[in-house]
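# What the coordinates show
Residue strings, one per chain:
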Amino acid sequence: MTAGAAGDFSEGKVSANIMRLALPMVAAQLASVLYNIVDRIYLGHMPGASADVLAGVGLTFPILQVVTAFANLYGSGGAPLFAMARGRGDDKQAARVLGACFSLLCATGLVLTGVFLWAERPLLYLLGASADTYPYAREYLVVYMTGNVFVMLSLGLNGFINAQGFGRTGMMTVLIGAAANIALDPVFIFALDMGVRGAALATVLSQLLGAVWAAGFLFSRRAPVRIRRQYFRFSPRLALRICAVGMSGFMMSVTNCAVQAVCNMSLQQFGGDVYVGVMTIVNSMREIVITPANGVTQAGQPVMSYNYGAGLYARVRKAIGFVTALCVGYTALVWVLLMALPAQCASLFTSNAQLLSAGVPAMRVYFCGIFLMALQIAGQAPAVALGRAKQAVFFSLLRKAIIVIPLTLLLPRIGGLGVMGVFWAEPISNLVGGGACYVTMQLTIGRELRREERETAQKTGAL
């Protein structure tokens, strides 16, 4: 099989295999970010828009992160098992994993929709809503949750397309929806005067298109391993395996949810609605910045998984090194840009003078250690790809739950930092958590791969 054959990552340059997936995946993920980013850009520039609009939409982020968490649980949990099964030549087991993940995504999406629509009012106030911001938060959340199943399918299924080597097809899953969202947002928000509800409706319809594209491909004969109805039957054992591997991605999203909830509550206490709006801008910029690094690591994971399943340990180590170098280099360049042009970056999301005045110093603090986050991303990728669930989950919890949340609560009360203490929690966590994650990965997975490589070479030489 040639290096260019779909889904075979055992031949050709490792870097070329990763980039073949990474370029369309980064484009797809950047387009995915546009689903919500474009909403915020349009809403932030509505005539007469106040800080309350962005703050209200920002209050829904923790809830939307829960949706992402479950999509990651099944998508990032199933895709490595799927890729390793294909690496062993066991396409039947790969089909079982795919069918199970499809069923789990649909069932969980319906349950989450019911729960969040039932509890939206107390939940939004718990997350820091005020009388001024609650109406905007409710409008966005209620409409968004009606299309929750589509969101989960478009997010969760794409990994199985990429794991079979169809990076461009995976890219189209998101590009189709993103293009629709960009086109529909101004129509619903401005032309039809639907405001926040229009932004959410445009997003839901766009995710529907993406879900139809992804599911359509995986049900069709174009996919080497397809979704088959006989594998929809629930298997507790398989579901537990999928969840165990996907727990890292799940915990990362859940802890992001918890961090955002704690941030909103602290910001409301020490700064008010304006700083909740500032955090909406900061989070939006963070999504744009981190997305290419996430795309590279996710492109590297099927390459690592496949070669690990095939016993090609040297290629796994090369994949880890390439992903690390690319992520650290990219985030270092972005860090320089953000430090030099914070006002210009913030103005993409709002023309409100109050938000811009408060946002510029907050952005400089929050992003001052952004290049260190690449170590966390590159350190967790091999753990996920090789099915080391416990290690991946621990470092997801370490940076967010063990470091960021306590610092978010404590720093505003120390040394007169006040509201800026909330923003300082992120760079500190990047330094401590990111460094610890990468060093541990090299001392465990890296060391094991080198040992396996030596043992394989000795066996080959003996023969």
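So, a few notes on the structure that sits alongside this text. Predicted, not measured: the structure shown is a model, and the values here were computed from it.

## Details of the overall build of the chain
In terms of helices and strands, the chain carries 17 helices and zero strands. For the chain, whose C-alpha radius of gyration is 22 Å, the value lies close to the compact-globule estimate of 23 Å for 463 residues. Dimensions of the chain, computed from the C-alpha atoms along their principal axes, are close to 75 × 50 × 35 Å. Put simply, the chain has 463 residues, and 59% of those count as buried. Summarising the internal contacts of the chain: among those between residues at least 6 apart in sequence, 82% fall at separations of at least 24. When the accessible area of the chain is evaluated, it comes to approximately 17900 Å², of which 66% is carbon and sulfur surface. The centroid of the 34 positive side-chain charges in the chain is displaced by 11 Å from the centroid of its 18 negative side-chain charges.

## What to know about the nonpolar core
Leu-218 and Phe-423 are the most contacted members of the largest nonpolar core, which totals 147 residues. Tallying contributions element by element places helix α11 (residues 273–309) first for this core, with 17 residues. The residues contacting Phe-423, other than those within four sequence positions of it, are Leu-267, Tyr-275, Val-278, Met-279, Val-282, Ala-362, Val-365 and Tyr-366.

## A word on the layout of surface pockets
The calculated volume of the largest pocket comes to roughly 170 Å³. Counting only elements with at least two residues in the lining of the largest pocket, the list comes to α4 (91–118) and α10 (236–270). Taken together, the residues of the lining of the largest pocket break down into four nonpolar, three polar and three charged.

Calculation rules
Residues numbered from 1 in each chain as written. Predicted model: local features only at pLDDT ≥ 70, side-chain atom pairs only at ≥ 80, totals over all residues. Heavy atoms only, no water. Helix = DSSP H or I, 4+ residues; strand = E, 2+ residues; numbered from the N terminus. Rg over C-alpha atoms; globule rule 2.2 N^0.38 Å. Buried < 20%, exposed > 50% of the residue type's maximum accessible area, 1.4 Å probe, protein only. Contact = heavy atoms within 4.5 Å. Areas by Shrake-Rupley, 256 points an atom, 1.4 Å probe, with all protein chains shown as cover. Lys, Arg positive; Asp, Glu negative; His and termini not counted. Charge placed at Lys NZ, Arg CZ, Asp CG, Glu CD. Core = buried A, V, L, I, M, F, W, Y, C linked by side-chain atoms within 4.5 Å. 1 Å grid on protein atoms, 1.4 Å probe; cavity = no way out; pocket = protein on both sides within 12 Å on 5 of 7 lines; lining within 4 Å. Points joined across faces, edges and corners; volume = space filled by probe spheres on them. Nonpolar A, V, L, I, M, F, W, Y, C, P; charged D, E, K, R; others polar.

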